[in-house]
Amino acid sequence: MYFVKFLIICFFSFSGIAMGIDLNAPNIKEIVTEKGLPFPKGYDRSKYSAAYKGDNKLPTGLIYAIEKKGIYVNLWRAEMAIDDEDYNLAIKLLQEAEKKDPKNPTIYWLHAKNLMMEGLRQDEKATKKKGKLFKKGYEYALKCRELSPEDYNCEMHIGALLGRVMTNAGIWSTLFNAGKVEKAFNNANRLANEGKQHYRYASGNTSIGVSAFALGVMYRLAPHGWFMRLLSPVDGDLDKSIKFHEQTLKTKPTEAEYSTELGASYLCKWQLKKDKEALRRGKKVLTRCSNLPVPRTATSKISHRDCSRLKNNPKLACGYSKDRQQETDPDKMKAQVKKE
C-alpha cells in the first residue's frame, strides 16, 4: 500500500501536475507553467465573456489536464500544438494518445481540427491538397461521432469539415450535403446551449460562440432565391445569419473572424435587399475589425486582412469564404447546374 502511494507521488511530481490549483488565481499562467503544462500565448481571460455563472474562463482542455490528468495532459498539449500551428507535433501527440486510448473521442475531433487548420493555411488555389486534408478531417470527425453520439465537439467538427469540403470544391457542386452540415451545426448549438457541454478552446472561443458562428456563416452562404432552394435543403437567411453572428461576437469581441463574418452578412443583406442601413452597419463592424491588433495565428490574420478587403469591395460579401470566393450569381449557378 505504501509502495503504491509512493509511486503515485512520484508520478505526479514527474508529470509536474499538482492537486489544489486555484483556477481563479490572477497568476494562473505562472502556476500552470510551473506545473509543467503549456499555457496559450496572449490568453487574457479578462477580455472574454463568462459562458455561465462561476465560469473561470480557462480552456476546458487545460482544466481536464489538471483535474483528469493521464492522457488528458497529452491531449491538452496537442490542442496547444494546433493553436500554435504546429501541425506535425499535434499529429505526433494525437497518434501517441490513440495508441493508449483508441476509444477516446477527444482524440478524433482534435485530429479533425488539426487537419482543418492545416488546410486553411494553404494557398487559396491549392484546392486538391486542401480537399484531401478536409476530407480526412471529416472522416476523423465521423469517427468521433461513432464513439460518442450527441457530443458537441464531434457534431461541431463534422459540420465544419464537411462545410470546408464543400466550399473548397465550390459550394454549389455539392449542394445536397448542405442538410448534413445544417443538422450537425444545429446539434452542436443545441448541445452547447443546454449547458451540459460547455467547451472553451485554447483560443478563448467557446462552444456557444463557435456553434453560433458556424450557423451564421452557413445561413449567409446557403442559396437565396426560389430556384436555388429547389436544389438545396438549406434556405439562406441573412437575418438569421446576422443574429447568430451578433451572439458570437458578444462571447469574444476581440476575435477578428467574428467581426469579418458579421460584416459580410450585413453587406450581403445590403447587396440582395438594397438595405442601406445594413451597408452602414457592415462597414462600421469591418472598420472596427480592421483596427483590432493583428492576430497571432495565420488563419486569424486572413480574417483580419479580409475586413479591409470586404469594406473596400462590399460586392464580395455574399460569396465570401476564407477558402475561396463562392459563386453567387443565379444565372451562372443555373448554367453550372445544367452542366452537371
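Whatever comes next refers back to the structure up there.
Residues numbered from 1 in each chain as written. Predicted model: local features only at pLDDT ≥ 70, side-chain atom pairs only at ≥ 80, totals over all residues. Heavy atoms only, no water.

Trainee: Hey, could you run me through the packing of aromatic side chains in this one?
Mentor: Within a pair of aromatic rings, the relevant descriptors are the distance that separates the centres and the angle that separates the planes. For the structure shown, the criterion picks out 9 aromatic pairs. Between the aromatic rings of Phe39 and Tyr43, the centroid separation amounts to 5.7 Å while the plane-to-plane angle is 80°, which identifies the pairing as edge-to-face. Residue classification places Tyr43 among the buried residues on the basis of a relative accessible area of 12%. Pairwise contacts between aromatic rings join Phe39, Tyr43 and Tyr48 into one cluster. Directly above the ring of Tyr64 sits Lys68, whose terminal nitrogen or CZ lies 4.1 Å from the centroid. For the cation-ring pair, Lys143 lies above Tyr108, with the distance from its terminal atom to the ring centre recorded as 6.0 Å. (Phe/Tyr/Trp six-rings, centres within 6.5 Å; stacked < 30°, edge-to-face > 60°. Buried < 20%, exposed > 50% of the residue type's maximum accessible area, 1.4 Å probe, protein only. Lys NZ or Arg CZ within 6 Å of the ring centre and 35° of its normal.)

Trainee: What is the right way to look at the side chain of Ser259 in this model?
Mentor: Considering the arrangement of structural elements, one finds Ser259 in helix α13 (residues 256-273). Side chain to side chain, Ser259 and Arg288 meet in a polar contact 3.3 Å long. Contacts of Ser259, omitting those with residues within four sequence positions, involve Leu249, Val285, Leu286, Arg288 and Cys289. (Helix = DSSP H or I, 4+ residues; strand = E, 2+ residues; numbered from the N terminus. Polar contact = N/O pair within 3.5 Å; in protein donor to acceptor, adjacent residues only side chain to side chain. Contact = heavy atoms within 4.5 Å.)

Trainee: I keep staring at the state of the cysteines and nothing clicks. Help me out?
Mentor: Disulfide: a covalent bond connecting the sulfur atoms of a pair of cysteines. Applying the stated criterion across every chain yields a total of 3 disulfides. Each sulfur in the disulfide pair Cys144 and Cys154 lies 2.0 Å from the other. Between Cys144 and Cys154, the disulfide has an S-S torsion of -60° and is therefore left-handed. Of this pair, Cys144 sits in helix α7 (residues 127-147) while Cys154 is found in helix α8 (residues 152-169), placing the two residues 10 residues apart along the sequence. Residue classification places Cys144 among the buried residues on the basis of a relative accessible area of 0%. Along the protein chain, the cysteines that take part in disulfide bonds pair up as 1-2, 3-6, 4-5, counted in sequence order. (Disulfide = S-S within 2.5 Å.)

Trainee: So what exactly am I meant to see when it comes to the nonpolar core here?
Mentor: Where a protein is soluble and globular, its nonpolar side chains tend to be buried together. Within the largest apolar cluster, 60 residues are counted, with the highest numbers of intra-cluster contacts made by Leu75, Ile107, Met116, Tyr152, Met156, Phe185 and Tyr201. When sequence neighbours within four positions are dropped, the list of residues in contact with Tyr201 reads Tyr43, Pro59, Glu79, Trp109, Lys113, Tyr152, Asn153, Met156, His157, Thr206, Ser207 and Val210. (Core = buried A, V, L, I, M, F, W, Y, C linked by side-chain atoms within 4.5 Å.)

Trainee: Even after reading the chapter, I still don't get the environment of His304, so can you show me in this structure?
Mentor: With respect to the helices, strands and loops of the structure, His304 is situated in helix α15 (residues 298-312). Considered as a pair, His304 and Ser290 are 14 residues apart in the sequence and their alpha carbons are 6.2 Å apart. Those residues in contact with His304, other than ones at most four positions away along the chain, are Ala256, Cys289, Ser290, Leu292, Pro293, Val294 and Pro295. One polar contact links the side chain of His304 to the main-chain carbonyl oxygen of Leu292, over a distance of 2.8 Å.

Trainee: I'm lost on the environment of Asn177 in this one. Help?
Mentor: Turning to its location among the elements, Asn177 is positioned in the loop between α8 and α9 (178-193). Sequence separation of Asn177 and Met166 is 11 residues, and the distance between their C-alpha atoms is 8.0 Å. Those residues within four positions of Asn177 in sequence are excluded, and the remaining contacts are Leu162 and Met166.

Trainee: Please explain the environment of Ser300 as it appears in this structure.
Mentor: By the element assignment, Ser300 lies in helix α15. For Ser300, a relative accessible area of 14% puts it in the buried group. Taking C-alpha positions, Ser300 is 9.9 Å from Tyr258, a pair spaced 42 residues apart along the chain. The residues contacting Ser300, other than those within four sequence positions of it, are Glu255, Ala256 and Pro295. Only 3.1 Å separates the side chain of Ser300 from the side chain of Thr297, close enough to count as a polar contact.

Trainee: Can you walk me through α7 in this structure?
Mentor: Since the α-helix advances by 3.6 residues per turn, residues separated by three or four positions end up pointing in the same direction. In this model, α7 (21 residues) spans 30 Å end to end at C-alpha, consistent with the 30 Å of a helix rising 1.5 Å per residue. Restricting attention to buried positions, one finds in α7 the residues Lys130, Leu133, Phe134, Gly137, Tyr138, Tyr140, Ala141 and Cys144. The buried side chains of α7 occupy one side of the element, clustering within an arc of 165° when seen end-on. Those residues of α7 that are exposed and aimed more than 90 degrees away from the buried face are Lys128, Lys132, Lys135 and Glu146. Elements in contact with the buried residues of α7: α5 (87-100), α6 (105-120) and α8. (Expected span 1.5 Å × (residues − 1). Arc of directions from axis to C-beta.)

Trainee: I tried to follow unusual backbone geometry on my own but got confused; where do I start?
Mentor: Working note: non-glycine residues mostly have negative phi, and peptide bonds are mostly trans. If you check the backbone angles, Lys69 has positive phi at about 60° while not being a glycine. Residue position: Lys69 is located in the loop between α3 (60-67) and α4 (71-83). In this structure Lys69 comes out as buried when scored by relative accessible area, which is 7%.

Trainee: Any chance you could explain the packing of α7 against α8 here in plain terms?
Mentor: The description of two helices packed together rests on the angle between their axes and the distance between the axes. The contact between α7 and α8 brings their axes to 8 Å, and the two run at 155°. Between α7 and α8, the angle is such that the two are roughly antiparallel. Crossing geometry of α7 relative to α8 is assigned as left-handed. Mapping the contact onto sequence places Thr127, Lys130, Gly131, Phe134, Lys135, Gly137, Tyr138, Ala141, Leu142, Cys144 and Arg145 in α7 and Cys154, Glu155, His157, Ile158, Leu161, Leu162, Arg164, Val165 and Asn168 in α8. Residues of the contact of α7 with α8, tallied by class, amount to 10 nonpolar, 5 polar and 5 charged. (Axes fitted to C-alpha atoms, helices over the stretch in contact; angles between N-to-C directions. Parallel < 35°, antiparallel > 145°, perpendicular 65-115°, else oblique. Left-handed = near helix turned anticlockwise from the far one by under 90°. Nonpolar A, V, L, I, M, F, W, Y, C, P; charged D, E, K, R; others polar.)

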